[in-house]
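Listed below are the residues making up each chain.
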Amino acid sequence: MVHIDVNTLEILDRITDGFFSLDLNWNFTYVNEEATRLLFRSRDDLIGKNIWAEFPEAVDLMFSEQYHKAVNEQIPVKFEAFFPPLNIWYSVRAYPSNNGLSVYFLDVTDERKIVLERKQHYQSLFEQNPDAVFSFDLNGNYLSVNPAMEELLGYTEEEFLQLSFTPLVATEDLKMTTEHYNKAVNGLTQHYETKAIHKDGHAVHVSVTNMPIIVDSNIVGVYGIAKDITKQKQTEQQLIKSEKLSAVGQLSASIAHEIRNPLTALKGFLQIMKASPENIKENYFTIMSEELARIEMITGELLMAAKPQVLQFAYENSNEIIHDVITLLQSQALIYNVTIHLTTEDTPPIYCVGNQLKQVFINLIKNGIEAMPNGGNVYVQLSRKTENEINIEIKDEGCGISKEFIDQIGLPFYTTKQKGTGLGMMTSFKIIESHNGTMNIKSKEGKGTTISIQLPVC
Ligand code: ADP
Ligand code: MG
């Protein structure tokens with residue numbers, strides 16, 4: 001029998017924790033007031049009885065395992081465990097001694113409920129989230145995925161847990177994606193767009209957030225949230241396509257218009273020739289073949305513009321490019337009573353897509369011509385600016401661009417012309433940029449506009 005003096009008993013009775021002591025045969029030697037309350041048993045009912053006989057359900061639970069551990073290894077133990085017969089969560093500390101075991105315990109059911117509820121809150125944020133949510137270990141292997149993620153990429157949770165993200169990212173995006181992932185592993189939250197590959201092989205555009213999982217101030221993994229933006233991307237693509245189509249459509253309309261004049265002339269000549277074959281003059285043929293050549297050139301230009309262009313970079317002679325463009329625009333300049341003046345220097349070949357640069361110069365010279373409805377001069381100058389750069393300057397004496405609108409130039413669809421597309425400047429900026437060049441606009445209202453372009457020499 002364990003001897004506990006009266007004073008100690010009083011103290012033990014007053015402590016707020018439940019307390020009981022067991023002897024080496026697992027029999028109760030003392031049970032305090034609180035313990036009788038927590039166990040729903042009277043003191044007399046328990047003293048001298050074997051704990052495993054009185055609480056047989058505890059034999060298979062953590063209680064038995066931990067108490068035996070404390071006694072066998074002579075170490076204090078601390079644990080929380082649920083006791084189903086009483087529907088209570090206990091927080092327990094047990095201390096072994098030579099005489100047996102002292103056990104302090106608390107009812108923590110309410111606290112557990114709060115923790116559990118909070119856990120369920122988070123769980124439902126994960127489970128019910130319409131965005132794909134997932135987590136990785138530090139090596140990029142999946143640790144968890146929510147149902148939206150299963151839906152997004154077509155793999156089941158079990159399949160994901162065998163995988164890392166690497167095989168699920170489109171090859172061309174893998175390097176970039178891995179860099180973002182590594183930054184997240186180093187503690188920096190990342191937002192980016194990438195392409196994932198669905199189990200059935202199709203690409204899924206996703207907007208991703210990666211953030212570190214921090215436990216006890218250590219980064220132990222990475223969380224991911226992914227939004228499907230495939231539809232958005234498709235709409236963007238369609239917009240670009242329809243922009244191009246509308247530009248080409250407008251071009252065809254104006255070109256059809258331009259073709260009508262030479263056709264009318266040709267028809268007229270044929271009628272004259274049919275009516276009086278004896279009066280056919282030599283210069284009829286000259287005029288007719290000139291008109292035909294014009295039609296041929298115009299339709300050729302349209303085909304070139306409409307054709308989806310393969311971006312083939314090659315070494316080209318910038319002098320030739322400029323000369324070609326001016327030949328092409330000479331007739332339009334004449335109609336507008338504009339003279340094009342060209343000065344050139346010998347320049348080394350440039351590495352470019354010739355047709356694209358032509359497109360830029362056509363746009364710019366045409367804008368210059370169109371800015372002078374009453375005629376004037378366009379000055380085109382090609383020079384070697386430095387060892388590594390050539391400079392092309394296109395200067396007109398037209399209406400100019402007001403200060404308040406100069407920032408709008410280059411935005412798609414900004415046009416002040418009735419039949420304008422507002423796409424010329426945008427395309428020009430894009431093309432020059434893709435050639436690693438720069439393009440600047442200087443303009444004075446009522447005085448004229450100068451566009452200068454610098455392109456690198458290879
Ligand atoms: P568009 O020529 O079809 O209007 P652009 O993109 O080529 O489209 O030009 C956009 C706008 O920029 C023009 O409508 C015009 O207002 C202004 N602009 C461009 N170049 C000049 C210029 N050389 N002189 C005056 N305004 C210009
Ligand atoms: Mg234009």
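Position numbers for residues count from 1 along each chain, tracking the sequence in the order it is written. Lettering of chains starts at A and numbering of ligands starts at 1, both following the order in which they are written. With pLDDT at 70 or above as the cut-off, local features in this predicted model cover only qualifying residues; side-chain atom pairs require 80 or more to be listed or tallied, and sums for whole chains, interfaces and linings still use all residues. Neither water nor hydrogens contribute to the side-chain values; these are computed over all heavy atoms in the structure.

Colleague: How should the overall build of the protein chain be read in this particular structure?
Modeller: The helix and strand labels rest on DSSP assignments: H or I over at least four residues marks a helix, E over at least two residues marks a strand, and numbering proceeds from the N terminus. Along the protein chain, the regular secondary structure elements total 15 helices and 17 strands. Its C-alpha radius of gyration of 43 Å places the protein chain more than 25% over the 23 Å reference for a compact globule of 458 residues. The dimensions of the protein chain, computed from C-alpha atoms along their principal axes, are 145 × 50 × 40 Å. Residues count as neighbours in contact if any of their non-hydrogen atoms are within 4.5 Å of one another. Considering only intrachain contacts with a sequence separation of at least 6, the fraction spanning at least 24 residues in the protein chain is 51%. In this setup the radius of gyration rests on C-alpha atoms only. A globule is expected at 2.2 Å times the number of residues raised to 0.38.

Colleague: Hey, could you run me through the pattern of salt bridges in this one?
Modeller: It is possible for side chains bearing opposite charge to pair when their charged atoms get close. Between Lys or Arg on one side and Asp or Glu on the other, a salt bridge is scored when a side-chain nitrogen of the former is within 4 Å of a carboxyl oxygen of the latter. Under the counting rule described, the total for this entry stands at 14 salt bridges. Residue K195 pairs with D173 through a salt bridge whose shortest N-O separation is 3.1 Å. Of the two residues, K195 is situated in strand β8 (residues 190-197) and D173 in helix α9 (residues 171-185); the sequence distance between them amounts to 22 residues. The pair formed by K195 and D173 is uniform in burial state, with each residue classed as buried. Each residue gets one of three labels from its accessible area relative to the maximum for its type: buried under 20%, exposed over 50%, partly exposed in between, using a 1.4 Å probe on protein chains only.

Colleague: Could you clarify how one ought to interpret the site of ligand 1 in this entry?
Modeller: To be near a molecule or strand, a residue needs just one of its heavy atoms within 4 Å of it. Surrounding ligand 1, one finds 19 residues, the nearest of these being T415, T416, K417, T421 and M425. Residues adjacent in sequence count toward polar contacts only when both atoms are side-chain atoms; beyond that, a polar contact is any pair of N or O atoms within 3.5 Å, and within protein one must be able to donate a hydrogen and the other to accept it. Contact distances for ligand 1 include 2.7 Å between an oxygen atom and a side-chain N or O atom of K417. Take G424: an N or O atom from its main chain is 3.1 Å from an oxygen atom of ligand 1. Working definition of accessibility: Shrake-Rupley area with a 1.4 Å probe, residue cover restricted to the visible protein chains. Considered on its own, ligand 1 offers 530 Å² of accessible surface; in the complex 92% of this is hidden by protein.

Colleague: Would you mind going over the side chain of N377 with me for this structure?
Modeller: For N377, the position within the fold is in strand β14 (residues 376-386). Within polar-contact distance, the side chain of N377 engages the side chain of H341 at 2.8 Å. Among residues more than four places away in sequence, those in contact with N377 are T339, H341, M372, K395, D396 and E397.

Colleague: Even after reading the chapter, I still don't get the domain arrangement of the protein chain, so can you show me in this structure?
Modeller: Interface size is commonly expressed as the accessible area that is lost once the parts come together. Segment limits for the domains were obtained from an automatic or database-derived domain assignment. As assigned here, the protein chain comprises domain 1 (6-112), domain 2 (129-228), domain 3 (235-305) and domain 4 (314-456). On a C-alpha basis, the centres of domain 2 and domain 4 stand 47 Å from each other.

Colleague: How should I be thinking about the packing of helix α12 (residues 318-335) against helix α13 (residues 354-370) in this particular structure?
Modeller: Angle between the axes and distance between the axes are the two parameters that describe a pair of packed helices. Inter-axis angles, ranging from 0 to 180 degrees, are taken between N-to-C directions of lines fitted to C-alpha atoms, where helices are fitted over the stretch in contact. Contact pair α12 / α13: the axes reach a minimum separation of 9 Å and the direction vectors enclose 35°. Judged by the sense of rotation from one axis to the other, the crossing of α12 with α13 is right-handed. Residues I321, I322, D324, V325, I326, L328, L329, Q332 and A333 of α12 touch α13, and the partners they reach there are G354, L357, K358, F361, I362, I365, K366, I369 and E370. Residues are grouped as follows: nonpolar covers Ala, Val, Leu, Ile, Met, Phe, Trp, Tyr, Cys and Pro; charged covers Asp, Glu, Lys and Arg; every other residue, Gly included, is treated as polar. Of the residues assigned to the contact of α12 with α13, the class counts are 12 nonpolar, 2 polar and 4 charged. Left-handed describes a crossing whose near helix is turned anticlockwise from the far helix by less than a right angle; the clockwise case is right-handed.

Colleague: It is not clear to me how helix α15 (residues 424-434) should be interpreted in this structure. Could you clarify?
Modeller: In an α-helix, one turn spans 3.6 residues; hence positions three or four apart end up facing the same way. Those residues of α15 that sit buried are G424, M425, M426, S428, I431 and I432. Contact partners of the buried residues in α15: α13, β16 (438-444) and β17 (448-456).

Colleague: What am I meant to see in the sheet that holds strand β10 (residues 218-228) here?
Modeller: The strands making up a sheet associate through backbone hydrogen bonding, with each pair oriented either parallel or antiparallel. Spatially, β7-β6-β10-β9-β8 is the arrangement adopted by the 5 strands of the open sheet, whose pairing is antiparallel. Two strands in the sheet have a free side with no partner beyond their single neighbour: β7 (142-145) and β8. Here the average twist between neighbouring strands, direction ignored, is 30°. In this description, strands pair whenever DSSP reports at least two bridges between them. Sheet topology places strand β6 (residues 132-136) next to β10; 5 bridges connect them, and they run antiparallel. Note that in β10 the partner of F134 across the bridge is G224. Where α9 meets the sheet, it contacts β6, β8, β9 (203-215) and β10, and its direction lies at approximately 140° from that of β8.

Colleague: It is not clear to me how the nonpolar core should be interpreted in this structure. Could you clarify?
Modeller: When a protein is soluble and globular, its nonpolar side chains tend to lie buried together. Within the largest apolar cluster, 36 residues are counted, with the highest numbers of intra-cluster contacts made by L357, F361, I365, I392 and I453. Beyond its immediate sequence surroundings of up to four residues, I365 is in contact with V325, I326, L329, I340, V378, V380 and I394. By size, the runner-up hydrophobic cluster in this structure holds 27 residues, among which are F28, F55, A94 and L101. Take the buried Ala, Val, Leu, Ile, Met, Phe, Trp, Tyr and Cys residues and link them wherever side-chain atoms come within 4.5 Å; each set so joined is a nonpolar core.

Colleague: Would you mind showing me how to read the packing of aromatic side chains here?
Modeller: We describe a pair of aromatic rings using the distance from one ring centre to the other and the angle between the two ring planes. Whether two aromatic rings pair depends on their centres lying within 6.5 Å, for rings of Phe, Tyr and Trp, where Trp uses its six-membered ring; planes under 30 degrees apart make the pair stacked, over 60 edge-to-face, and the rest tilted. Counted under the stated rule, the structure contains 27 aromatic pairs. On the basis of an interplanar angle of 50° and a centroid distance of 4.8 Å, the ring pair of F19 and Y104 is categorised as tilted. Of this pair, F19 sits in strand β1 (residues 18-23) while Y104 sits in strand β5 (residues 100-107); the two residues are 85 residues apart in sequence, bridging distant segments of the chain. A relative accessible area of 4% means that F19 is categorised as buried. Ring geometry for F63 against F79: centres 5.8 Å apart, planes inclined by 70°, an arrangement best described as edge-to-face.

Colleague: Help me understand the environment of N355 in this model?
Modeller: Along the chain, the position of N355 falls in helix α13. The partly exposed category is assigned to N355, whose relative accessible area is 31%. Sequence separation of N355 and F313 is 42 residues, and the distance between their C-alpha atoms is 9.9 Å.

Colleague: Any chance you could explain the side chain of Q190 here in plain terms?
Modeller: Here Q190 shows up in strand β8. What makes Q190 buried here is its relative accessible area of 9%. Of note is the side chain of Q190, whose polar atom sits 2.7 Å from the side chain of H180. In this structure Q190 touches H180, K183, A184, V208, T209 and N210, once residues within four positions along its chain are discounted.

Colleague: Help me out: how do you make sense of unusual backbone geometry in this one?
Modeller: With glycine set apart, most residues show a phi of negative sign, and most peptide bonds adopt trans. Of note in the backbone geometry, W26 takes a positive phi value of approximately 65° without being a glycine. Relative to the helices and strands, W26 is located in the loop between β1 and β2 (28-31). A relative accessible area of 15% means that W26 is categorised as buried. One non-glycine residue, N436, lies in positive phi territory at about 55°. Structurally, N436 can be placed in the loop between α15 and β16.

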